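Coordinate inspection notes
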Amino acid sequence: MTLDAALADGPPLDLLRMDAEGSEPQVLRGARALLARSPGLRVVTEWSAPMMAVRSDLGALLDWLHGELGFGFWRIAEAGRLEPVSVAAMPGLPHGEVVMARGAPG
């Protein structure tokens, strides 16, 4: 079941936390309507490019998230500090936690 199907009649979301063991791209693709109706959404997710690349085209995912939907990316560093990450750097980002948001997530 997709998030769009499960939350079809729900309100916009402010926060989505994901840890889908490499299936994050599929979860996000199944939340198209939710992402569209949630302009202030912050997505906090595990990011493992090698795990996700086996199941998805990361370049296409990043083009969609950034280019079409306007999301930016931040790595959660030590002490919870957010470090901006360019779209080009995302496929090479080490395994860790990432925040995706439209505008600065702070």
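Heads up: the structure comes first, above all this text.
Criteria and thresholds
Once a new chain begins, its residue numbering starts again from 1 and follows that chain's sequence as written. Totals for whole chains, interfaces and linings use all residues, but because this is a predicted model, local features are given only for residues with pLDDT of at least 70 and pairs of side-chain atoms are given and counted only at 80 or more. The basis for every side-chain value is the complete set of non-hydrogen atoms in the structure, without hydrogens or water. Helix numbering and strand numbering both begin at the N terminus, where a helix is a DSSP run of H or I of at least 4 residues and a strand a DSSP run of E of at least 2. For this measure, only C-alpha atoms enter the radius of gyration; the expected value for a globule follows 2.2 Å times N^0.38, where N is the number of residues. By definition, residues are in contact when any of their heavy atoms lie within 4.5 Å. All accessibility values rest on the Shrake-Rupley procedure with a 1.4 Å probe; residue burial counts only the protein chains present in the view. Think of a nonpolar core as a cluster: buried Ala, Val, Leu, Ile, Met, Phe, Trp, Tyr and Cys residues, connected wherever their side-chain atoms sit within 4.5 Å. Relative accessibility decides the category of a residue: with a 1.4 Å probe and only protein chains considered, values under 20% of the type maximum give buried, values over 50% give exposed, and everything between is partly exposed. By definition, a salt bridge exists where a carboxyl oxygen of Asp or Glu is found within 4 Å of a side-chain nitrogen of Lys or Arg. Two strands qualify as a pair provided DSSP detects at least 2 bridges between them.

The next thing to look at is the overall build of the protein chain. On a plain count of helices and strands, the protein chain comes out with 5 helices and 5 strands. Going residue by residue from the N terminus, the α and β elements of the protein chain occur as α-β-α-α-β-α-α-β-β-β. The C-alpha atoms of the protein chain give a radius of gyration of 13 Å, which matches the 13 Å a tight globule of 106 residues would have. Its C-alpha atoms give the protein chain principal-axis dimensions of about 35 × 30 × 25 Å. Contacts in the protein chain between residues at least 24 apart in sequence constitute 72% of all its contacts with a sequence separation of at least 6. Per element, the accessible surface of the protein chain, about 5,600 Å² overall, is 58% carbon and sulfur.

Core analysis: the largest hydrophobic core is formed by 24 residues, its most contacted members being Leu28, Leu35, Trp47, Leu65, Met90 and Met100. For this core, the secondary structure elements donating two or more residues are strand S1 (15-18), helix H3 (32-36), strand S2 (42-47), helix H4 (49-55), helix H5 (58-68) and strand S5 (96-101).

Right, let's talk about the pattern of salt bridges for a bit. Considering all chains together, one arrives at 3 salt bridges under this definition. Measuring nitrogen to oxygen at the nearest pair gives 2.7 Å for the salt bridge that ties Arg75 to Glu83. A residue is classified by how much of its surface remains accessible, and Glu83, at 24% relative accessible area, is partly exposed. Across the pair Glu83 and Arg81 runs a salt bridge whose closest N-O atoms are separated by 2.6 Å.

Quick look at the pairing of S5 now. With 5 of 6 residues buried, S5 lies mostly within the body of the structure. In this sheet, S5 lies alongside S2 in antiparallel orientation, the contact comprising 6 bridges. Bridge pairing in S5 links Glu46 to Glu97. Two strands pair when backbone bridges link them, and strand S3 (residues 72-76) and S5 are joined in this way by 4 bridges, in the antiparallel orientation.

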